Amino acid sequence: MLGLYICTGFVLAVLLFSLLYIKVRINLEFYTSPGNTMLAVNISSIFSRLQRRYPLRDISAILNYATEAWKRRQEKKEEPSGSKKGKLSPGAYYSLATFAMKRMVVERLDWKSYIGLNDAMYTALSSGGLWAVKGIFTGLLSSKTRLQDINLQVEPDFNSDKLVSHIYCILKMRIVHIILIAFYFLVLAVRGYINGYRTGKADPSH
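Residues numbered from 1 in each chain as written. Predicted model: local features only at pLDDT ≥ 70, side-chain atom pairs only at ≥ 80, totals over all residues. Heavy atoms only, no water.

A. View of the packing of aromatic side chains. Applying the stated rule across the entire model yields two aromatic pairs. Centroid distance Trp111 to Phe137: 5.5 Å. Interplanar angle 85°. Geometry classified as edge-to-face. Here Trp111 is found in strand S4 (residues 105–117), whereas its partner Phe137 is found in helix H4 (residues 120–144), with 26 residues between them in sequence. One cation-aromatic arrangement involves Arg103 over Phe99; the distance from NZ or CZ to the ring centre is 3.7 Å. Against the face of Tyr21 rests Lys172, its NZ or CZ located 4.4 Å from the ring centre. (Phe/Tyr/Trp six-rings, centres within 6.5 Å; stacked < 30°, edge-to-face > 60°. Helix = DSSP H or I, 4+ residues; strand = E, 2+ residues; numbered from the N terminus. Lys NZ or Arg CZ within 6 Å of the ring centre and 35° of its normal.)

B. The arrangement of H4 in detail. With 25 residues, H4 should cover 36 Å at 1.5 Å per step; its first-to-last C-alpha distance of 36 Å lies within 8% of that length. Of all the positions in H4, only Thr123, Ser127, Leu130, Lys134, Thr138 and Leu141 are classed as buried. Contacts from the buried residues of H4 go to S4, strand S5 (146–147), strand S6 (150–156) and strand S7 (161–174). The N-cap residue of H4 is Asp119: its side-chain oxygen and the backbone nitrogen of Met121 are 3.0 Å apart. (Expected span 1.5 Å × (residues − 1). Buried < 20%, exposed > 50% of the residue type's maximum accessible area, 1.4 Å probe, protein only. Contact = heavy atoms within 4.5 Å. Polar contact = N/O pair within 3.5 Å; in protein donor to acceptor, adjacent residues only side chain to side chain.)

And the structure:
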């Protein structure tokens, strides 16, 4: 009888633990002005903390890097099917991301921006465009996740030439959902390996 009580208590403890949330706090700050562009990243959770500052002095170098990454991705798509055995397809990654985001809760999102272009008309137009970008982004975010608290601000600065954007958000997810996502990833990986193996066997030998 005592063993039954111990097992029951253990199962209840595991169930209660799996219903707890794990929170991740993300703090991003982007600053750009003539001759100075900086991105600061601060990500923290109960397990670890990441703090980085990235000077982005040459925007063209960033664009070139993104272009080269896109070209490499396109080249990988053209690899023979046998070399892709065990690799997840882009559709599988999208399915996994959708599965995870549906179970993610955005507890808080603060997005404050300051923009100035040394011209009243261009500053006003840019402020409106920035509001539109934020509206589209938050609309997509709310359709994919559970968005609880949101605070958006855009303040035009008619006396300077700069763009400052600060994002602070708190993401949380239940432990049981993290376990489900890991299991789902394993299922997709195994299915991708089996499909790749079958494709490799079906290919004619030369």
